[in-house]
There are 2 protein chains.
Amino acid sequence: MKPNFSLRLRVFNLNCWGIPYLSKHLADRMKRLGDFLNVESFDLALLEEVWSEQDFQYLRQKLLPTYPAAHYFRSGIIGSGLCVFSKHPIQELTQHVYTLNGYPYMLQHGDWFCGKAVGLLVLHLSGLVLNAYVTHLHAEYNRQKDIYLAHRVAQAWELAHFIQHTSKKADVVLLCGDLNLHPKDLGCRLLKEWTGLRDAYLETRDFKGSEEGCTMVPENCYVNQQELEPFPCGIRIDYVLYKAVSGFYISCKTLKTTTGHDPQSGTPLSDHEALMATLCVRHSPPQHNPTCSHGKSPPPFPRSFTTAEQPFHSPPPAPLLCLVLGPAEMSPLVSVLKEAWAELDLGVAQARWWTSFAGYMIGLGLFLLALLCALAAGGGVREVTILLGIPSVGLVLGAGAGYLFHMQEAKGLCRARAELQHVLGRVRESQNMGPESQPALLLEQQEGNRGEDQ
Amino acid sequence: MKPNFSLRLRVFNLNCWGIPYLSKHLADRMKRLGDFLNVESFDLALLEEVWSEQDFQYLRQKLLPTYPAAHYFRSGIIGSGLCVFSKHPIQELTQHVYTLNGYPYMLQHGDWFCGKAVGLLVLHLSGLVLNAYVTHLHAEYNRQKDIYLAHRVAQAWELAHFIQHTSKKADVVLLCGDLNLHPKDLGCRLLKEWTGLRDAYLETRDFKGSEEGCTMVPENCYVNQQELEPFPCGIRIDYVLYKAVSGFYISCKTLKTTTGHDPQSGTPLSDHEALMATLCVRHSPPQHNPTCSHGKSPPPFPRSFTTAEQPFHSPPPAPLLCLVLGPAEMSPLVSVLKEAWAELDLGVAQARWWTSFAGYMIGLGLFLLALLCALAAGGGVREVTILLGIPSVGLVLGAGAGYLFHMQEAKGLCRARAELQHVLGRVRESQNMGPESQPALLLEQQEGNRGEDQ
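Since we're looking at a predicted model, the values are computed, not measured.

Engineer: What is the right way to read the overall build of chain A from this model?
Structural biologist: When helices and strands are counted, chain A shows 10 helices and 13 strands. Within the span of chain A, comprising 454 residues, buried residues form 59% of the whole. Expressed as a percentage of contacts within chain A between residues at least 6 apart in sequence, the contacts between residues at least 24 apart total 75%. Surface accessibility of chain A: about 18,000 Å² in total, with carbon and sulfur atoms responsible for 60%.

As C-alpha cells, this is what we get:
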C-alpha cells in the first residue's frame, strides 16, 4: 500500500423502528429511507429494528443498483432486526447472538424474542481490511430501576469480546448501532475501554445535527415524550465508533444527525435519529513496539483515549497491549472492569435468587397436587379438585420453566464474570499490582466458584 | 523469532463421560484421570463432558501444581461440559454457544439442555500465538435416521466459521474434541475443508493405539456394545486437528490413544478413548503470495489436503485464499459446501413443516377450548368440560412453545444456509465459474428468501 494512501468512507446508521402493524407510517418511512439511501449513496448503511424480513427484501430490491451487497442477520424467534447494505462486496460475514437478552415472561418488552445480536461483515477496500459491526443491545425501559442492567453489561462485554477476537487482522474496525447506553453508562465505558473504539461524536471537529449529538430527541413526533422528560435535549444511545490498527490512522471528518424531521416531507424516518459519518483512513509508517512479539502489536496505548481532548489522529489502544503497560495507564480500564464485574456479580446473585424461588414454587405446586390427589382419592368434591388442579399443574410447569431459565441466566452471567475475572487477573499479573489491589475480588470469586455448581 | 525455532506441544483430549449419578465409577475415574494428567504433564489437557462443575473444581485443585491455568466453559442450563487445563498461562479466552442444539422436548437425549459450545483459549508459547479450541457437538443417536443431522452440520459450520474469524492472527490453530462425526461425515469434511485443519491421525507417522484410531471401541467395558455392533473396530469421533499459518510448519510427531483399558487398574478412564498427541511447530521462511494484499496470506492451497498421502509438512490452506484459486483446486470445497447447503435446506423445510404443524395444533386447541366454553355456557356436563379443558389448554401451550421453538430453529438454519450461500457466491465470483454451475441453487435461495419472513 502506498504511503500516501487515503480512503474516505461514508457510513449511515439508523434504528428504523420497523415493528410491523405497530410502528406508525412504516411503509412510507421505508420508502423514503430507500430513496434517501439511494440519493446519498453511502459506502455502508447499517440498520437496526428492521424486524420484518419483507421490509429488508423491499429495501434490498430498491437499493440494489446503489448497494449491490446486502445481508439480513437472522436470529432468535423474531430476528435480530439487523441488516446491512454495502456499495462494496462483502468478503466475509458472521454474527454472534448474545447469551442473555431479557426474560421470556416480560412479554410487554419482547426483547427476549428478538435474539439480539452483533453482525460482522468484512470488506476489502483498496487493499484495506475493514471489519464493520452492527448491533442492537437490550432496551432500557426504566432507568431508575433497570432490571436488565446486568444483561446489558453482559451484552456490552460479549460485544467487546467478539470485536476483539474477530478483528485481529482488520486494519479498520467500525461499530455502528443502537447500544441503548448513554455515553457514560457502564456498558458504554466498558466497550470503549476494552476495545479502544473511539466515538465519532466526541472525535469529530465538524458536527451538524441535534443538540449534544442526541439520537432520540423530543422534536421527533414518534418519540414518547414522557420517556424523554428527564432529558430535555434528548438522549444519545446510537453510535458510530471506530478504530484503526497499526499502520493506519482514522479520523471522523464530519458527523451529521437528523434532527427529528425529514427535510423533504417533515415527518422523520424513525423515532431514532440517523447518524451519517464521513471517516478518513490514512496509511502511516508502522510504529514498531519492541516489547511485543512478531511486530504485530498496535502502537502505544493513549491515556484517556475516549475523551474529546485527545490528539485528533492518535492511534487507538488494544487491550492485550495494555497488559504490558504500567499501572497509571491502566487505571480507567481496571476501574471499569471491576465495576462491570461487580454489576455482573449482583446479577448472578439475583438470578440465583430467582432460581431458588422457582424451585420453592415447584415444590409448592407438587405439594398442592399431591394434596388434591389425596382429596380426590378420598372422595372429595371432584369438580373443585379438578379446578384447583389446573393452577397447580400450571404452577409446576411455569415454575419449572422459570427454574431452567434463571439457571441458564446465572450460567451466562457467571461466564461473563469469569471472563472479566480472567482479564483482571491478566492485568494484575502484567502490571505486578500489589496484593492489596484485588484480594477482596479474588476471594469473592473463589467463594463464587465453590457455590457455582447448581 | 529465530529461523531454527522449534516447539514441542503435548496435548491430551478426552470425553470424560462425567454425568453425575449416572456415569459409572465417576469419582474413581476422575481421581485416576487427575493422577494420570499430573504424571504425564501435558502442555494442554482439553476435556469434554465434565458436566458437573464440582468435578472441574476437584480436578483444578488436583492439577494446580502441574497445570496452573484452568477454565470451565459455562453455558446453557447444565453447562457445555468443556474445560481446559494448561501448563502455560492463558492469555485470552472466550466461547461460542451453538445456535442449534437439538430439541428441548427430546428429554431422553438432553443435548438441548447442555448448551453445547466451542471454547477458545489463546496461549503465547515462546512468542508463538496458539489458538486452542475445544468442542463437543450434538450426539448421534440413530445413524440410519438421524433427526439431528441438520443441527450437527450447522454446528460444524458455526465451529468452522468461529475458528476462521477468531484465528486470523494465530500462528498455530489446534482443535480438540468430540465432534460426534465419523471422518467421512459431511460435518467433518465441511470443517476440514473450510478451515484447512488437518487430522492428527491421518498425518502422523507414529501412531499407537486402537485399531483405525477409533475413540469408542468395543473393548471398553463402559461402551454400549449394541450401538457399536455395525462397527466391529469401533468408531472414530474424537479428534486432534491442527494447522499452522504462514511462516510456520506443524506436524504430528506421535499420536496415541488408550485402547479401552487403563494400563494401571484395568478399567478405562471413560467410555471414550483418550487422545495424546505430540505436535512439533517449526519456523520457516515466509512464502510470499503476490496475489494477496498486505502479504498476510498463507502459502498456496494444497490439493487433497485432508488425505494422508499429502506431503508430510505441507502448510495448511485457508478458505479466503481459496477464493483466488482456479476451479480445479476448489472442487472439494465447493462440493462439500453445496452438500452442506442442501442438508441445511432440508432442515429448513423440516423446521418449517413443524412450525406449520404446531400452528395447526394451536388452532385446534383454541377451537376445542371455544367449543368447551360454549358447552359449559349451555349447561353441559361441567366435570367433563373441565376434564377436556385441561388437555386443550395443554395443547395450546405446548403447541405454542413448539411453534416458537421451530420458528427459531428455522431462523438458525436459514442463517447458516445464508452464510454458506454467501461463501458459495464468493467462490463463484472469484473463480469465474460459468452460470451453469449454480443457477438452481441461487434460484432456490431467492425463492427461499421470499418465503422466509414467517
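Engineer: I would appreciate a short explanation of the sheet that holds strand S4 (residues 82-86) of chain B in the present structure.
Structural biologist: Where strands meet in a sheet, backbone hydrogen bonds hold them as pairs that are either parallel or antiparallel. Residues and elements named next belong to chain B. Read from one edge to the other, the open sheet built from 7 strands follows the order S3-S4-S2-S1-S13-S12-S10, with strand pairing classed as mixed. Lying at the two open borders of the sheet, with one neighbouring strand each, are strand S3 (69-73) and strand S10 (207-208). Alignment of strand S12 (residues 248-257) against strand S13 (residues 275-283), held across 9 bridges, turns out to be antiparallel. When the bridges of S13 are listed, Tyr-249 appears paired with Arg-282. Those strands touched by helix H2 (residues 53-63) are strand S1 (6-18), strand S2 (44-50), S3 and S4, and its axis lies near 5 degrees from that of S4.

Engineer: Looking at this structure, I do not really get the pattern of salt bridges. What am I missing?
Structural biologist: Should their charged atoms come close, side chains of opposite charge can pair. One pass over the structure, following the stated rule, counts 36 salt bridges over all chains. Between Arg-198 of chain B and Glu-203 of chain B there is a salt bridge, and its shortest N-O distance comes to 3.1 Å. Overall, Glu-203 of chain B belongs to the buried group, its relative accessible area being 5%. Ionic pairing is found between Asp-199 of chain B and Arg-236 of chain B, a salt bridge with its closest N-O pair at 2.9 Å. One end of the pair, Asp-199 of chain B, is in strand S9 (residues 198-199); the other, Arg-236 of chain B, is in the loop between S10 and strand S11 (238-244), with 37 residues separating them in the sequence. Here the salt bridges share partners, and the residues they tie into one network are Lys-31, Asp-35 and Lys-62 of chain A.

Engineer: It is not clear to me how the interface of chain B and chain A should be interpreted in this structure. Could you clarify?
Structural biologist: Counting residues at the interface gives 55 residues for chain B, matched by 55 residues for chain A. Both sides together, the interface formed by chain B and chain A hides about 5,400 Å², and carbon and sulfur atoms give 55% of it. In this structure, Glu-92 of chain B engages Lys-168 of chain A in a salt bridge whose closest nitrogen and oxygen atoms are separated by 3.0 Å. Contributing elements (two or more residues each) for the side of chain B that touches chain A: H2, strand S5 (90-97), strand S6 (117-125), strand S7 (128-136), helix H4 (149-166) and helix H9 (382-431) of chain B.

Engineer: Help me understand the packing of H4 of chain B against helix H5 (residues 186-195) of chain B, please; the structure alone is not making it clear to me.
Structural biologist: Packed helix pairs are characterised by how far apart their axes lie and by the angle those axes make with each other. All names here are of chain B. Axis separation between H4 and H5 bottoms out at 9 Å; the angle between their running directions is 15 degrees. Judged by the angle between their axes, H4 and H5 are roughly parallel. Note on packing geometry: the crossing formed by H4 with H5 is right-handed. Contacts between H4 and H5 pair Val-153, Ala-156, Trp-157, Leu-159, Ala-160, His-161, Ile-163 and Gln-164 from the former with Leu-186, Gly-187, Leu-190, Leu-191, Trp-194 and Thr-195 from the latter. When its residues are assigned to classes, the contact of H4 with H5 shows 10 nonpolar, 4 polar and no charged.

Engineer: Hey, could you run me through a nonpolar patch on the surface in this one?
Structural biologist: Residues and elements named next belong to chain A. Side chains of Leu-364, Phe-367, Leu-368 and Leu-371 sit close together on the surface and give an oily, nonpolar patch of about 360 Å² of accessible area. Its location among the elements puts Leu-368 in helix H8 (residues 327-377). You can call Leu-368 partly exposed: its relative accessible area is 32%.

Engineer: Any chance you could explain the relation of the copies chain B and chain A here in plain terms?
Structural biologist: Two copies of one chain are present, and they are related through a rotation about an axis combined with an axial shift. Of the transformation placing chain B onto chain A, the axial shift is 0.0 Å and the rotation is 180 degrees, giving an RMSD of 0.1 Å. In the structure described here, the two chain copies are related by an operation that fits a two-fold rotation axis. Scanning chain B for the C-alpha nearest the rotation axis identifies Thr-166 of chain B, at a separation of 2.4 Å. When the interface residues of chain B are mapped onto chain A, 100% of them are again interface residues, pointing to one common binding face.

Engineer: Even after reading the chapter, I still don't get the confidence of the model for chain A, so can you show me in this structure?
Structural biologist: All names here are of chain A. Taken residue by residue, chain A gives an average pLDDT of 84. The fraction at 70 or more is 83%. Across chain A, the secondary-structure element scoring lowest on mean pLDDT is helix H10 (residues 439-451), at 40, and the one scoring highest is strand S4 (residues 83-86), at 98. In the predicted structure, residues 286-325 sits below a pLDDT of 50 and forms 86 contacts with residues beyond four places in sequence or in another chain. Counted against residues more than four places away or in other chains, residues 433-454, with its pLDDT under 50, gives 38 contacts. At the level of chain-chain contacts, confidence expressed as ipTM amounts to 0.84, with global pTM at 0.86.

Engineer: Would you mind showing me how to read the domain arrangement of chain A here?
Structural biologist: By a frequent convention, interface size equals the accessible area lost on bringing the separate parts together. Residue and element names in this part refer to chain A. The domains assigned to chain A are domain 1 (6-316) and domain 2 (331-448). Listed per partner, the contact involves 21 residues of domain 1 and 20 residues of domain 2. Both faces combined, the contact of domain 1 with domain 2 buries some 1,900 Å², and carbon together with sulfur accounts for 73% of it. Considering only the side of domain 1, the residues that lose the most area to domain 2 are Trp-157, Leu-186 and Glu-193, jointly responsible for 26% of the buried surface there. Here domain 1 is connected to domain 2 by 2 salt bridges.

Engineer: Would you mind going over helix H2 (residues 53-63) of chain A with me for this structure?
Structural biologist: Helical geometry note: an α-helix holds 3.6 residues per turn, so side chains three or four residues apart project in the same direction. Here H2 of chain A has its buried residues at Glu-53, Asp-55, Phe-56, Gln-57, Leu-59 and Leu-63 of chain A. Between a side-chain oxygen at the N-terminus of H2 of chain A and the backbone nitrogen of Gln-54 of chain A the separation is 3.1 Å; the capping residue is Ser-52 of chain A.

Engineer: For this particular structure, what's the right way to read the packing of aromatic side chains?
Structural biologist: The way to describe two aromatic rings as a pair is by their centre distance and the angle between their planes. A full pass over the atoms with the stated rule returns 37 aromatic pairs over all chains. Where Trp-353 of chain B meets Phe-357 of chain B, the ring centres are 5.4 Å apart and the plane angle is 5 degrees; that geometry is what we call stacked. Of this pair, Trp-353 of chain B and Phe-357 of chain B are both found in helix H8 (residues 327-377), 4 residues apart, which corresponds to roughly one turn of the helix. The ring of Tyr-222 of chain A has Arg-29 of chain A sitting right over it, with the charged end atom 5.3 Å from the ring centre.

Engineer: Even after reading the chapter, I still don't get the sheet that holds strand S3 (residues 69-72) of chain A, so can you show me in this structure?
Structural biologist: All names here are of chain A. A sheet is described by the order of its strands in space; here 7 strands give the open sequence S3-S4-S2-S1-S13-S12-S10, paired in mixed fashion. Each of the sheet's edge strands pairs with one partner strand only, and the pair in question is S3 and strand S10 (207-208). Sheet topology places S10 next to strand S12 (residues 248-257); 2 bridges connect them, and they run parallel. The residue bridging Phe-207 from the neighbouring strand is Leu-255, located in S12. Relative to the sheet, helix H1 (residues 26-40) contacts strand S1 (6-18), strand S2 (44-50) and strand S13 (275-283), its axis offset from that of S1 by approximately 175 degrees. Across the sheet, H2 is in contact with S1, S2, S3 and S4; its angle to S4 comes to roughly 5 degrees.

Here is what the cut-offs are and how they apply
- Residues numbered from 1 in each chain as written.
- Chains lettered and ligands numbered in written order.
- Predicted model: local features only at pLDDT ≥ 70, side-chain atom pairs only at ≥ 80, totals over all residues.
- Heavy atoms only, no water.
- Helix = DSSP H or I, 4+ residues; strand = E, 2+ residues; numbered from the N terminus.
- Buried < 20%, exposed > 50% of the residue type's maximum accessible area, 1.4 Å probe, protein only.
- Contact = heavy atoms within 4.5 Å.
- Areas by Shrake-Rupley, 256 points an atom, 1.4 Å probe, with all protein chains shown as cover.
- Pairing = 2+ DSSP bridges.
- Axes fitted to C-alpha atoms, helices over the stretch in contact; angles between N-to-C directions.
- Salt bridge = Lys/Arg side-chain N within 4 Å of Asp/Glu carboxyl O.
- Buried area = accessible area lost by both parts, 1.4 Å probe.
- Parallel < 35°, antiparallel > 145°, perpendicular 65-115°, else oblique.
- Left-handed = near helix turned anticlockwise from the far one by under 90°.
- Nonpolar A, V, L, I, M, F, W, Y, C, P; charged D, E, K, R; others polar.
- Patch = residues over 30% accessible without salt bridge, like charges linked within 9 Å, V, L, I, M, F, W, Y side chains within 5 Å.
- Least-squares fit on C-alpha atoms with pLDDT ≥ 70 in both.
- pLDDT = per-residue confidence, 0-100.
- Domains from an automatic or database assignment.
- Polar contact = N/O pair within 3.5 Å; in protein donor to acceptor, adjacent residues only side chain to side chain.
- Phe/Tyr/Trp six-rings, centres within 6.5 Å; stacked < 30°, edge-to-face > 60°.
- Lys NZ or Arg CZ within 6 Å of the ring centre and 35° of its normal.

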